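Chains, contacts and geometry: an overview
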Amino acid sequence: MKCDQIESFFATLQAANPHPQTELEYTSVFELLAAVLLSAQATDVGVNKATRNLFPVANTPQKILDLGLGGLEGHIKTIGLYRSKAKHLMEACRLLVELHGGEVPRTREALEALPGVGRKTANVVLNVAFGQPTMAVDTHIFRVSNRTGLAPGKNPLQVEMQLMKRVPAAYAVDSHHWLILHGRYVCQARKPMCPKCTVAAYCDFKDKTRA
């Protein structure tokens, strides 16, 4: 995908959805962090189902700690790998209280020092909560970036670095939302919906599906 095509690619996505948002439900930075931590290998729909039970009861690091591990597990047991995720979230809450006064830190280094928080989770929090132009490369973004020729790479980090170079600054903050949504609902893994794709003209994918 050439540079002028990249501009048109994102301008088209922006025109269709000027203010994209994460589909995870949250009302605070901590709720966002907790939801993203719980979302590994799970759908946003599944995470939202669990956090609708959890957050009314415990939506701060201290309140999570007060629940205890068993109580936390009971609220999120509908999510895959809930036991390990509960341990990570509990330990993350302990460090947030002890090291950060119960507040979510604003730096990558501090975020990635929390149990269960990897580069992708940190990128989501930095982008969604703090407006930084980070690229949280999940399976959807990885697929779309490679399939379209936007930012080819052999692994998520390579794709992330390519996106950081190639996405125009005007679209950088919202770009990862557009790419996730495009991969989730249009450029799907098994059968991309090319006839309905608004950015097909800029896509390098050779085996486009037909109506």
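Residues numbered from 1 in each chain as written. Predicted model: local features only at pLDDT ≥ 70, side-chain atom pairs only at ≥ 80, totals over all residues. Heavy atoms only, no water.

1. A word on the nonpolar core
If you look at the biggest cluster of nonpolar residues, it comprises 37 residues, and the most contacted ones within it are F30, I64, L72, I76, L89, L111 and L114. Counting residues per element, the ones that place at least two in this core are α2 (29-38), α3 (44-54), α4 (61-76), α5 (82-100) and α7 (119-129). What L111 contacts, discounting residues up to four positions off in sequence, is V104, P105, V117, A122, V125 and L126. Core analysis: the next-biggest nonpolar cluster, separate from the first, contains 22 residues, M135, A151, V159 and V199 among them. (Core = buried A, V, L, I, M, F, W, Y, C linked by side-chain atoms within 4.5 Å. Buried < 20%, exposed > 50% of the residue type's maximum accessible area, 1.4 Å probe, protein only. Helix = DSSP H or I, 4+ residues; strand = E, 2+ residues; numbered from the N terminus. Contact = heavy atoms within 4.5 Å.)

2. Side note on the packing of aromatic side chains
Inspection of every chain in the model, using the stated rule, returns four aromatic pairs. Ring centres 6.3 Å apart and planes at 45° place the aromatic pair F10 and W178 in the tilted group. Pair noted here: F10 is in helix α1 (residues 3-16) and W178 is in helix α10 (residues 172-185), with a separation of 168 residues, a long-range link. An identical accessibility class is assigned to F10 and W178; each is buried. The side chain of R147 reaches across the aromatic face of F205, ending 5.1 Å from its centre. (Phe/Tyr/Trp six-rings, centres within 6.5 Å; stacked < 30°, edge-to-face > 60°. Lys NZ or Arg CZ within 6 Å of the ring centre and 35° of its normal.)

3. Observations concerning the side chain of S39
Tracing the backbone shows S39 in the loop between α2 and α3. Classification of S39 as buried rests on a relative accessible area of 17%. Setting aside anything within four residues of it in sequence, one finds S39 in contact with V47 and K85.

4. Comments concerning the environment of C187
Assignment of secondary structure puts C187 in the segment after α10. The exposure class of C187 is buried, given its relative accessible area of 7%. Placed 96 residues apart in sequence, C187 and E91 show a C-alpha to C-alpha distance of 37 Å.

5. So, a nonpolar patch on the surface
Where nonpolar side chains cluster on the molecular surface, the patch consists of L157, M161 and M164 and spans about 270 Å² of accessible area. You can see M161 is positioned in helix α9 (residues 156-166). (Patch = residues over 30% accessible without salt bridge, like charges linked within 9 Å, V, L, I, M, F, W, Y side chains within 5 Å. Areas by Shrake-Rupley, 256 points an atom, 1.4 Å probe, with all protein chains shown as cover. Salt bridge = Lys/Arg side-chain N within 4 Å of Asp/Glu carboxyl O.)

6. A few points about the environment of E98
If you trace the backbone, E98 turns up in helix α5. Overall, E98 belongs to the exposed group, its relative accessible area being 53%. On a C-alpha basis, the gap between E98 and S175 in space is 34 Å, while along the polypeptide they are 77 residues apart. A polar contact is formed between the side chain of E98 and the side chain of R94, at a distance of 2.7 Å. (Polar contact = N/O pair within 3.5 Å; in protein donor to acceptor, adjacent residues only side chain to side chain.)

7. A few points about α4
For α4, built from 16 residues, the straight-helix expectation of 22 Å at 1.5 Å per residue is missed by more than 12%, its first-to-last C-alpha distance being only 16 Å. In the structure, α4 departs most strongly from a straight axis at G68, where the bend amounts to approximately 105°. Among the residues of α4, those classed as buried are P61, I64, L72, E73 and I76. Along its buried surface, α4 packs onto α2, α3 and α5. (Expected span 1.5 Å × (residues − 1). Bend = angle between axes of the 7 residues up to and from the residue.)

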